[in-house]
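Geometric and topological summary
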Amino acid sequence: MKFTFSWLKEHLETTATLDEVCARLTSLGLEVESLTDPAKSLAPFTIAEVLATEKHPDADRLKIATVNTGSEKIQVVCGAPNCRAGMKAVLSRPGDFIPGLNITLGKSKIRGVESMGMLCAADELGLGEDHEGIIELPADAPVGKSYAAWAGLDDPVIELGLTPNRPDCAGVRGVARDLAAAGLGTLKPQDIKPAKGTFKSPIAVTFNFPAEDAAACPHFTGRMIKGVKNGPSPKWLQDRLRAVGLRPISALVDITNFATLDCMRPLHVFDAAGIKGNLSLRFARKGEKLVALNKKTYELAEGQTVIADDNGVLSLGGIIGGEASGCTEATTGVFIEAAYFDPIRTARTGRQLDIASDARWRFERGIDPAFTQPGAELATKLILDLCGTKETQISDLVVAGSAPMPDRTITLRENRCKTLIGVDVPAAEQKKILTALGFEQKGGAWKAPSWRPDIEGEADLVEEIIRVHGIDNVPAQSLARPAAVTQSAITLPQRRAVQARRALAAQGLLEAVTWSFMPSAIAAQFGGVPESLRLLNPISSELDVMRPSILGNLILAAKRNADRGFADAGLFEVGPAWRDATPEGQSTVAAALRAGATPRHWAQPSRPVDAHDAKADALAALAACGAPVANLQVTADAPAWYHPGRAGALRLGPAVLAYFGEIHPGVLMICDAKGPMTGCEIMIAAVPQPKAAGTARSLLDLPALQPVARDFAFVVDTDVTAERVIKAARQAEKNLIADVQLFDVYAGKNVGEGKKSLAFSVTLQPRETSLTDAQIEEIAAKITAAVTKATGGTLRS
């Protein structure tokens, strides 16, 4: 939310300085994100007059302009197509810093011709995005004077970082109301008088929603105005819009933008000539399309609120208007729209169509339902003032439905400030604060104002009182030192989360903390997202669903690192992931991601990360959590976001403890990330419970006898996994076989087509007596027989 200091004073009678206002805004919870004084950055720029131009001798698109600075005549090389003799423009001289280009202008020769300055375009001064030509000033602009002072750009701009629960302060008047309640001035009265119509509107409005969906748009007001003249808006209005980053378009359009920012009242003005018949508020029908004011064509879906006439859809309710009924310089008759649209439906439609507009931003947070009709009267007054002619006539107000005014009357006990926040605010001050904020006292209760949809309970009233009373007045108090946390006080899932975190850090990975949300397009790659996980009021249009997997956020984090020159990343995060909105649908997961290549080392060359790296990370985390790693089975049934054939699952019986492998190239493409990337996901809750006390094996088991190692190489079919061979070999002699490790894989002409050789090292660990050669040979024969029976393989000669 941006506004200028002078704009604020249009609503607030105050003698406070700019610094005092900014400090008080932040203490009220309206954080000042930035304070910009254009006068400082634009101070060097002056108004100049182009006396003459001639073609550059060595460049077809360049001109040599003779420029009057007010004190001298200089030569400037300019490439703008609108540079011509007699015009007035904005001049910068060598040594001036150009904010839009982030450079300091110096003396230069352009194609051999010396240039002693630059005639500036709007984007070069940071005043917009227009770069089609240099800024053209009116004929009466004073040559040699400061451009910022003449243009009214010496007004400081305040930008607030609003939280989603304060839509009332998305308008300048709401900000002024908070400051007045805080004692920093007086809120000026807003006198919006109803205009008296001289004829009945030829355009009627009807609601055509199903009865159960009447809340999609419960209130609509409008008015027909004939005989208007559209054109450029006055300088004061253009200056205010430019100051907050909006481009002036025309008086009719600028009026709607002004009302949105000034009073948090989004409006729309239809060109009456573009309306055929009456207006109908209804849901879009399958196959309907809208060419919007942003020149894009949108295919609408059923359930999206639209305003339509006899020919079809004219605009998307609460989001954007259509080009066919948009106002132009030829517009002579308009129909004003001021309506209340359901926040949830507006947000959902905006996400579905990927439209971000100022109107949508406000409607989805909740505008003042009581200001719908006054909003239409405000628009009427502005249009009459700025676009009215002798022929202008206004119709009676068209009203459909009524404002949805929920009765939010809340009881406030006088001692709640003391019990909730530790500050004893006197009852008289509580009443003064709430009254100044627009609350209405009813006996021992308070009715919330219509512009505060966030007020729901007694705690909200206490919050309002303390933020105005002053957070600085909350006394500092040391917390009582807690008793020593015993090991038994920590739950098993908490302990395992810590163990997994330490294990993954020991693997050389860096811990990341990402949002619990992610873009729906990314979430769809990780098993899809049920509707219950879509956020009704996301913190941004991208982060619109709860994350079904942490890996998606880690991929995006690795991409951001790669974009900044750190392509080889190793990240992990331990936190929640969601499959649905039920308590059972949330689980704690430890996820790790490796991207790029392994670190360079003198002992071994760098190589791209692969599935084995991910498996090692998963096993390390599982071992730290107490999983019986030696008993885990590896299967190839990893989810679809892993690369087929280069991923797997770690199971203990039917239970999946972890997934690991390379990330699917299609997922990386959707994330706009470059591979290779590998990842793993450890389901901490799936790790089995530890054995009961007294049944666990000794932590240290060192047999006194020397282990014996023997190597075996089996020729098996290519589809036989090493896991099957290892499992069969272990079963041959459970009491003596301590370990089986794969150390070589070979496939080629020496083993035959469709075959491969798997070589294993088997460790025998005697515990009572040393093994004789005969016993070792007997065990080797059992191993060979067991593998042959289980896999059909033969001992390689």
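Read on for a plain summary of the structure. No experiment lies behind these values; they were computed from the predicted model shown.

**As for the sheet that holds strand 37 (residues 655-663)**
Strand order across the open sheet formed by seven strands is 30-33-34-38-37-36-35, with mixed pairing between neighbours. Each end of this open sheet is capped by a strand with a single partner; those strands are strand 30 (510-511) and strand 35 (633-635). Bridge count for strand 37 against strand 38 (residues 677-683) is five bridges, and the pairing is antiparallel. Bridge pairing links Tyr-659 to Glu-681 in strand 38.

**A few points about helix 8 (residues 343-353)**
The buried fraction of helix 8 is high, at eight of 11 residues. Where helix 8 is concerned, the buried positions are Pro-343, Arg-345, Thr-346, Ala-347, Thr-349, Gly-350, Arg-351 and Leu-353. Buried-residue contacts for helix 8 involve strand 18 (279-283), strand 20 (297-299), strand 21 (305-309), strand 22 (312-316), strand 24 (333-340) and helix 9 (358-363). Taken from the residues just after helix 8, Asp-354 is the one with a positive phi, measuring 55°.

**Some details on the sheet that holds strand 7 (residues 88-92)**
Overall, antiparallel pairing links the five strands, which are arranged 6-5-4-7-12 in an open sheet. Strands at the two margins of the open sheet, each flanked by one partner only, are strand 6 (73-78) and strand 12 (118-119). The pairing of strand 7 with strand 12 spans two bridges and is antiparallel. Within strand 12, the residue paired with Ser-92 across the bridge is Met-118.

**Describing the packing of helix 12 (residues 427-436) against helix 13 (residues 458-469)**
Close contact between helix 12 and helix 13 brings their axes to 10 Å; oriented N to C, the two are set at 95°. On the basis of the axis angle, helix 12 is roughly perpendicular to helix 13. Every residue of helix 13 that contacts helix 12 at Glu-429, Gln-430, Ile-433 and Leu-434 is listed here: Leu-461, Glu-464, Ile-465, Val-468 and His-469. Looking at side-chain class alone, the contact of helix 12 with helix 13 contains five nonpolar, two polar and two charged residues.

**With respect to the packing of aromatic side chains**
Counted under the stated rule, the structure contains 10 aromatic pairs. Relative to Phe-363, the ring of Phe-341 lies with its centre 5.4 Å away and its plane at 80°, an arrangement referred to as edge-to-face. Of this pair, Phe-341 sits in the loop between strand 24 and helix 8 while Phe-363 is found in helix 9, placing the two residues 22 residues apart along the sequence. Just as Phe-341 is buried, Phe-363 falls in that class too. Measuring from centroid to centroid gives 5.5 Å for Phe-526 and Trp-641, while their planes differ by 50°, and the two rings are tilted. Taken together, the residues Phe-526 in the loop between helix 15 (520-523) and strand 32 (545-546) and Trp-641 in the loop between strand 35 and strand 36 (642-652) connect sequence positions 115 residues apart. For Trp-641, a relative accessible area of 8% gives the class buried. Members of the aromatic cluster, connected to one another through ring pairs, are Trp-7, Trp-236 and Phe-258. For the cation-ring pair, Arg-177 lies above Trp-451, with the distance from its terminal atom to the ring centre recorded as 4.0 Å. Cation over ring: Lys-235 sits above Trp-150, and NZ or CZ is 5.5 Å from the ring centre.

**A word on the nonpolar core**
Generally speaking, a soluble globular protein has its nonpolar side chains buried in company with each other. Ranked by size, the top nonpolar core spans 96 residues in total, and within it Phe-3, Leu-25, Leu-160, Phe-335 and Ile-383 carry the most contacts. Counting residues in hydrophobic clusters, the runner-up holds 38 residues, among them Ala-557, Ala-647, Val-667 and Ala-673.

**Here's the deal with the pattern of salt bridges**
Throughout the structure, instances matching the rule amount to 35 salt bridges. In this structure, the salt-bridge partner of Asp-60 is Lys-55, at a minimum N-O distance of 3.4 Å. Of the two residues, Asp-60 and Lys-55, both sit in the exposed class. Residues Lys-235 and Asp-239 are paired through a salt bridge, measuring 2.8 Å at the closest nitrogen-oxygen approach. Note that Lys-235 and Asp-239 are positioned in helix 6 (residues 235-243) at a spacing of four residues, about one turn of the helix. Overall, the relative accessible area of 40% leaves Lys-235 in the partly exposed class. The class of Asp-239 is buried, set by a relative accessible area of 15%. One continuous salt-bridge network, built from bridges that share partners, spans Arg-166, Asp-168, Asp-178, Arg-452, Asp-454, Glu-464 and Arg-467.

Cut-offs and rules
Residues numbered from 1 in each chain as written. Predicted model: local features only at pLDDT ≥ 70, side-chain atom pairs only at ≥ 80, totals over all residues. Heavy atoms only, no water. Pairing = 2+ DSSP bridges. Helix = DSSP H or I, 4+ residues; strand = E, 2+ residues; numbered from the N terminus. Buried < 20%, exposed > 50% of the residue type's maximum accessible area, 1.4 Å probe, protein only. Contact = heavy atoms within 4.5 Å. Axes fitted to C-alpha atoms, helices over the stretch in contact; angles between N-to-C directions. Parallel < 35°, antiparallel > 145°, perpendicular 65-115°, else oblique. Nonpolar A, V, L, I, M, F, W, Y, C, P; charged D, E, K, R; others polar. Phe/Tyr/Trp six-rings, centres within 6.5 Å; stacked < 30°, edge-to-face > 60°. Lys NZ or Arg CZ within 6 Å of the ring centre and 35° of its normal. Core = buried A, V, L, I, M, F, W, Y, C linked by side-chain atoms within 4.5 Å. Salt bridge = Lys/Arg side-chain N within 4 Å of Asp/Glu carboxyl O.

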